[in-house]
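Residues per chain are reported as follows:
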Amino acid sequence: MENAKMLTDEELAKELAKMTPAERAQAMAYVMGLVAGKAQAKAAEPAGGAA
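Residues numbered from 1 in each chain as written. Predicted model: local features only at pLDDT ≥ 70, side-chain atom pairs only at ≥ 80, totals over all residues. Heavy atoms only, no water.

**Student:** I'd like a rundown of a nonpolar patch on the surface, residues and numbers included.
**Tutor:** A surface patch of nonpolar side chains, amounting to about 350 Å² of accessible area, comprises Tyr30, Val31, Leu34 and Val35. For valine 35, the location among the structural elements is in helix α2 (residues 21–44). (Patch = residues over 30% accessible without salt bridge, like charges linked within 9 Å, V, L, I, M, F, W, Y side chains within 5 Å. Areas by Shrake-Rupley, 256 points an atom, 1.4 Å probe, with all protein chains shown as cover. Salt bridge = Lys/Arg side-chain N within 4 Å of Asp/Glu carboxyl O. Helix = DSSP H or I, 4+ residues; strand = E, 2+ residues; numbered from the N terminus.)

In structure tokens form, the structure reads like this:
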């Protein structure tokens, strides 16, 4: 995933179609991990900004 690039929906569908169910599950887990990490970082920001 080091060489990540933005894919169109059509490109993404083609890539997913090539993957096995296990590979798809692993890719989804990776993406969900990124989303969860961003949400956690945002929740850690102090409310109200600089004190």
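**Student:** Tell me about the pattern of salt bridges, residues and numbers included.
**Tutor:** A full pass over the atoms with the stated rule returns two salt bridges. Where lysine 18 meets glutamate 15, a salt bridge forms, and the shortest distance between an N and an O atom there is 3.1 Å. Of this pair, lysine 18 and glutamate 15 both sit in helix α1 (residues 9–18), three residues apart, which is roughly one turn of that helix. You can call glutamate 15 partly exposed: its relative accessible area is 34%. (Buried < 20%, exposed > 50% of the residue type's maximum accessible area, 1.4 Å probe, protein only.)

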